[in-house]
Amino acid sequence: MSEDSPILFGLYVPPHPQPLLSPDANSGYANLRAAFEKCRKRIEESDADLILVYSTTWPSVVGHQIQALKESIWTHVDDDFHYLGSMPYNFHIDTEFAHEYCSAAEKRGLHARTVEYEGFPIDTGSVVALSLLNPDNRIPACIVSSNMYANRSETIVLGKAANDALVSQGKKAVVVVVSSLSNRMFTEHIDPSEDRIHSSKDNEWNEKILEFFADGRLEDLSQLSREIHGQIRVQKVVAYKPAWWLAASMGQHNNYLGEVLAYEALHGSGGAVIQLTPSSGSFGDKEFDEDDVEYYQGDRNVLNKGNH
Amino acid sequence: MSKGEIVLGCLAPHPPHLVYAENPPQNEAFSEGGWETLRWGYAKLARKLKTIDYDAIVIFTPHWQTYIGTHFLGLPEFKSKSVDPVFPNLFRYNYDLKVDVELAEAMHEETAKAGIITKMMRNPDFRVDYGTITSCHLLNPSWDKPIVTISSNRNSHYYSNEVMIEQAKALGEACMRAIEKSGKKVVLVSSHSLSHRHFVTEAPLPEDMSREHIYNHSQYVWDMKIIDMFRQGQMQEVVDIMPEYTEQTIAETEAGGLIWMMAAMGVPSYPAEIYGYQSVIGTGNCIACWDPNTETRELVL
Ligand SMILES: [Fe+2]
């Protein structure tokens, strides 16, 4: 399956601006920044034609919005972290792809539209991701919103439509999901040197999610999304959707090489930089595996792991 | 210096559709009109505002959402273009506005004293949110008064509607103390819709009024109930019923604006002036004001 995929690899990155604006304020932010830079290099070394971003900090209401303005230029300031500085940006958007994605989404029954307006407020998460991953606009990008009311089926279809559009234009892409893991921040201003994950519960869940990512278990994470939403997400939107979109666009299975490049606190939230690369190999051998298994491979070594 | 006071409190909904429908020179989009019931109501309230002596508008907006405390605009001028992230097809507005920084700082200080986490926003590149711009444009199209925008801290997301109400009350009371000390005459604006379920698709011509209606009857009935309480001057009852109302109608009151304004005004027990009610993309919108002056308070609708 990996040979045919138009998606070379997927990245999961955090939305908050510290890695871009204040990477030296603590060693965690610096680690995240270094991980972003490693990913930037890997994108440069790949033969991707396009970076496609799905951002949880771009909420849409009227269907799904896709950024299509060829030269997207502005200076962005975050609503909360305005004191860390401004984020001037100049992104080259793949307008043709944006239109293709929009029509692929419509063909799959979604209400979608492109936005192509000077001064459109590109969200903090997308600005951070594209500024760090593609600073010189070496390849064009595209950004898709995350509808506030969309649930699983709508998000899965939106992910599949991204794949459709890449296939129909014969483009290779790196897809980037911008999202925190646990997203509860401290509700007061903190000294960055004292940043930590908001609670041990959030931290434990983040660690569990990262284990799944490291094992390449994208579909399993997709299946766990509702549980993740209930456990460690502040209920701003109806569901935790990043794994749905990522799995639907890259392939709904667990056949990935996973690499967690960094995991750090961002004002209390869980910020991780993760890479998932399609592979061929382990299939149907994971605990609570949600793959569509055809042949039983035997004991999955669940019970003899853990505490001895 | 005489004691400062709140001379009027306005409930001023901010669907960008209303500015779009007006076709002011500041907005790039062009419309054939629409939503006249609200626009005419706004025009009448704007005329009333012209007859009132005041120094500044203080506006609480749901579209500057902060999770780390309550923030205040803290630079004297902001000039830029506001593009609505949800309706960029309708709202691309070039604004040039003045801020009463002294008043903002006074409110910031008084609010911090009350134990609320606060922050002054002093980044010159910051874009003022479209809620502020829409409500202020419709209330005062000449923009001849300075404003102060207060961000909405999302307590209802992080905790509950009940917590949000307690914090919004404390914020309102602190703002009132700051206003009294400032010696200024201030108009308060709570910028939001009532019921807030909206359609997730848009008509090809957004101002096609044959397509406009409330999202569902339940929202309408709840909105009418609340508006009736406004008319009766039952604002304490409105505060009490707010968690239930907000939950039942996904109301934009979730940001805390109305509670903030009511608390600052001492929870009025006199009737509100009602200027109009209409749906915009399915949401329920009411323009109302609370006039503490018995001589100028009137029965409008
Ligand atoms: Fe709004």
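Residues numbered from 1 in each chain as written. Chains lettered and ligands numbered in written order. Predicted model: local features only at pLDDT ≥ 70, side-chain atom pairs only at ≥ 80, totals over all residues. Heavy atoms only, no water.

Asks: Could you give an account of the coordination of the iron ion, with specific residues and numbers?
Replies: Residue and element names in this part refer to chain B. Protein coordination of the iron ion is provided by His-14 (NE2), His-63 (NE2) and Glu-252 (OE), with donor distances spanning 1.9 to 2.1 Å. Each donor residue of the iron ion belongs to the same chain, and together they define the spacing H-x48-H-x188-E. In this pair, His-14 is assigned in the loop between β1 (5–11) and α1 (16–22) and His-63 in strand β2 (residues 56–66), connecting sequence segments 49 residues apart. (Donors = N, O, S within 2.8 Å, 3.2 Å for Na, K, Ca; no water. Helix = DSSP H or I, 4+ residues; strand = E, 2+ residues; numbered from the N terminus.)

Asks: Requested: an account of unusual backbone geometry, with residues and values cited.
Replies: The phi angle at His-267 of chain A is positive, at roughly 50 degrees, despite the residue not being glycine. Its location among the elements puts His-267 of chain A in the loop between β9 (256–266) and β10 (269–278). Residue class for His-267 of chain A comes out buried when judged on its relative accessible area of 3%. Here the phi dihedral of Trp-35 of chain B falls at roughly 50 degrees; this positive angle occurs in a residue that is not glycine. Examined against the element boundaries, Trp-35 of chain B turns out to sit in the loop between α1 and α2 (36–50). Here Trp-35 of chain B falls in the buried class, since its relative accessible area comes to 0%. (Buried < 20%, exposed > 50% of the residue type's maximum accessible area, 1.4 Å probe, protein only.)

Asks: Quick one: what's the story with the interface of chain A and chain B, residue by residue and with numbers?
Replies: Contact with chain A, which involves 36 residues of that partner, is made by 36 residues of chain B. Of the roughly 3,200 Å² buried between chain A and chain B on both sides combined, carbon and sulfur atoms contribute 58%. Measuring nitrogen to oxygen at the nearest pair gives 2.7 Å for the salt bridge that ties Arg-113 of chain A to Glu-202 of chain B. Applying the counting criterion to the chain A and chain B interface returns 17 residue pairs in polar contact (both at pLDDT 80 or more). For the side of chain A that touches chain B, the elements supplying multiple residues, two or more each, are β4 (71–76) and β6 (112–115) of chain A. Partitioning the side of chain A that touches chain B into residue classes produces 15 nonpolar, 13 polar and 8 charged. (Contact = heavy atoms within 4.5 Å. Buried area = accessible area lost by both parts, 1.4 Å probe. Salt bridge = Lys/Arg side-chain N within 4 Å of Asp/Glu carboxyl O. Polar contact = N/O pair within 3.5 Å; in protein donor to acceptor, adjacent residues only side chain to side chain. Nonpolar A, V, L, I, M, F, W, Y, C, P; charged D, E, K, R; others polar.)

Asks: So what about the environment of Val-83 of chain B? Which residues, and what values?
Replies: By the secondary structure assignment, Val-83 of chain B is in strand β4 (residues 77–83). In sequence terms Val-83 of chain B and Leu-45 of chain B are 38 residues apart; their C-alpha atoms lie 26 Å from each other.

Asks: Outline the packing of aromatic side chains, listing residues and values.
Replies: Going through the model one piece at a time under the given rule, you end up with 15 aromatic pairs over all chains. When the ring of Tyr-54 of chain A is compared with that of Trp-245 of chain A, the centres are 5.0 Å apart and the planes differ by 10 degrees; the resulting orientation is stacked. Note that Tyr-54 of chain A is positioned in strand β2 (residues 50–60) and Trp-245 of chain A in helix α9 (residues 242–250), a separation of 191 residues in sequence. On the basis of relative accessible area, Tyr-54 of chain A is assigned to the buried category, the value being 1%. Judged by relative accessible area, which is 0%, Trp-245 of chain A ranks as buried. Ring geometry for Phe-97 of chain A and Tyr-101 of chain A: centres 5.9 Å apart, planes at 45 degrees, overall tilted. With a gap of 4 residues between them, Phe-97 of chain A and Tyr-101 of chain A both fall in helix α3 (residues 95–107), about one helical turn apart. A cation over an aromatic ring shows up here: Arg-184 of chain A above the ring of Tyr-158 of chain B, its NZ or CZ 4.8 Å from the ring centre. (Phe/Tyr/Trp six-rings, centres within 6.5 Å; stacked < 30°, edge-to-face > 60°. Lys NZ or Arg CZ within 6 Å of the ring centre and 35° of its normal.)

Asks: A description of the confidence of the model for chain A should follow, citing residues and the corresponding values.
Replies: This prediction gives chain A a mean pLDDT of 92; 90% of its residues lie at or above 70. Across residues 301–308 of chain A, where pLDDT falls below 50, the model places 1 contact with residues more than four positions away in sequence or in other chains. (pLDDT = per-residue confidence, 0-100.)

Asks: Break down the nonpolar core for me, citing the residues and quoting the values.
Replies: Residues and elements named next belong to chain B. Grouped together as the largest cluster of nonpolar side chains are 52 residues, with contacts concentrated most on Phe-78 and Val-187. Considering every element that reaches this core, the biggest residue donor is helix α4 (residues 130–139), with 5 residues. In this structure Phe-78 touches Leu-73, Tyr-95, Asp-96, Leu-97, Val-99, Met-121, Asn-123, Pro-124, Phe-126 and Val-128, once residues within four positions along its chain are discounted. Ranked by size, the runner-up nonpolar core spans 51 residues in total, among them Leu-11, Ala-168, Val-238 and Ile-259. (Core = buried A, V, L, I, M, F, W, Y, C linked by side-chain atoms within 4.5 Å.)

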